Amino acid sequence: MKGFDPRYADLPDFILKCTAQIWEGRDIAALSWHYGENLVVRTPAGISQGNGAGKVNTMATLTEFPDRQLLGEDVIWCGDDQSGFLSSHRIVSTATHLGGAFGPATGCQVKFRTIADTFCRENRVWDEWLIRDNGAIAVQLGQTAKTAAQAQIDSGDLSLPLTPNTDVVGPYVGKGNDNEWGQKHAELLRQLMNAEFDAIDSNYDRACHLALPCGVEAHGTSAAKEFYIGLRSAFPSASFKIEHQIGHHDPLLSPRSAIRWSLTGKHEGFGRYGPPTGADVHVMAVSHVEFGPWGLRRETTLIDDIAIWKQILLQTSTQG
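This structure is a prediction, so every number in the text was calculated from the model and none was measured.

(A) Expanded view of the side chain of Glu290. Here Glu290 shows up in strand 11 (residues 280-292). What makes Glu290 buried here is its relative accessible area of 16%. Within the structure, the side chain of Glu290 is placed 3.5 Å from the side chain of Ser254, a separation counted as a polar contact. A polar contact is formed between the side chain of Glu290 and the side chain of Arg297, at a distance of 2.5 Å. The residues contacting Glu290, other than those within four sequence positions of it, are Ser254, Pro255, Arg256, Gly295, Leu296, Arg297 and Arg298.

Written as structure tokens, this is what we have:
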């Protein structure tokens, strides 16, 4: 790969090795060359800019979860040496909670998923979109996403999470590729957001395995319908947008797709977030899927329920 250290065989190798070096190797100083100086990192909770912010956030997470291991499940990618690469890296983390953003130390063992979309060029990351299933951590610590959001507010954190109005334009402005598997996945998402939930029966494997927000692991089409109906019914008129899509087919692997998508609108329906409040909400989401001979066989969809509840609670308490 042009401009990359020769120790990296390809883009997935770069992503996996650098992640292990920084997080499990505790080589925080490596962020000085791994991240671009003006790196923009977007999460559902907000935006951070600059290499220094990346170091601070990494150290804070390692303080709260000092034995965290990051197991790379997949890297779905597109791009080339000339224009750069966009990777979508799916991670399963295991860790012990020793106190921090999620409250006093509990000693609990937790497992949670993260997907990071990163724009890489010449041995560095220059732009990033990161979604961690923070709701899964809260649930395993005996909280709910709603109570965790309220705890943030009670602590004085009144900042609103990321919205289209607060986003900034970074160096990556691409939209992915036109691979057939990404297109198939995108069309399915459009149908679901159009309340065509019967598309699950015709496109999913009946024995599909699902990894869903708040650490839910489920199987079967009924679980897929329950999740998508609950989410869409909470925001029935929200605008759906595909932010980025990648389709990829590697040797020895099933065809896969990674799509980052969003919902922007009012919380005006009963559903995943309880009675409607009229709050303006932005949902930042990402889905990885794998296709098999009987349809979509595996799916990981992540949203940060704490960030969504925080938007609802901040606005409803203001109205109150």
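Still to come is the rest of the account.
(B) Broad picture of the sheet that holds strand 9 (residues 239-248). Strand order in the open sheet made by the six strands is 8-7-12-11-10-9, with mixed pairing throughout. Of all the strands in the sheet, the pair left with one neighbour each is strand 8 (216-219) and strand 9. Pairs of neighbouring strands in the sheet enclose a mean axial angle of 15 degrees, with direction left out of account. Taken strand by strand, helix 8 (residues 221-234) contacts strand 7 (204-212), strand 8, strand 10 (256-266), strand 11 and strand 12 (295-302), and its axis lies near 55 degrees from that of strand 7.

(C) Examining the pairing of strand 2 (residues 46-49) more closely. Alternating residues of strand 2 divide into Gly46 and Ser48, all buried, and Ile47 and Gln49, none buried. When strand 1 (residues 35-43) meets strand 2, the two strands line up antiparallel, connected through four bridges. Residue Arg42 lies in a different strand from strand 2, and its bridge partner there is Ile47. Hairpin connection, strand 1 to strand 2: the antiparallel pair is bridged by two residues.

(D) Region of the structure containing the pattern of salt bridges. Scanning the entire structure with this criterion turns up 19 salt bridges. Between Arg256 and Asp250 there is a salt bridge whose closest N-O contact spans 2.8 Å. Neither residue differs from the other here; Arg256 and Asp250 are each classed as buried. Connected via shared salt-bridge partners are Glu73, Arg90, Arg113 and Glu217.

(E) Fine view of the environment of Lys111. As for its position among the elements, Lys111 is in strand 5 (residues 109-121). Expressed as a C-alpha distance, the spacing of Lys111 and Thr94, which sit 17 residues apart in the sequence, is 4.5 Å. For Lys111, the contacting residues outside a window of four places in its chain are Val92, Ser93, Thr94, Ala136 and Gln140.

(F) Summary view of unusual backbone geometry. With a phi close to 75 degrees, Asn123 is a non-glycine residue in the positive phi region. One non-glycine residue, Cys214, lies in the positive phi region at around 65 degrees. For Cys214, the location among the structural elements is in the loop between strand 7 and strand 8.

Criteria and cut-off values
Residues numbered from 1 in each chain as written. Predicted model: local features only at pLDDT ≥ 70, side-chain atom pairs only at ≥ 80, totals over all residues. Heavy atoms only, no water. Helix = DSSP H or I, 4+ residues; strand = E, 2+ residues; numbered from the N terminus. Buried < 20%, exposed > 50% of the residue type's maximum accessible area, 1.4 Å probe, protein only. Polar contact = N/O pair within 3.5 Å; in protein donor to acceptor, adjacent residues only side chain to side chain. Contact = heavy atoms within 4.5 Å. Pairing = 2+ DSSP bridges. Axes fitted to C-alpha atoms, helices over the stretch in contact; angles between N-to-C directions. Salt bridge = Lys/Arg side-chain N within 4 Å of Asp/Glu carboxyl O.

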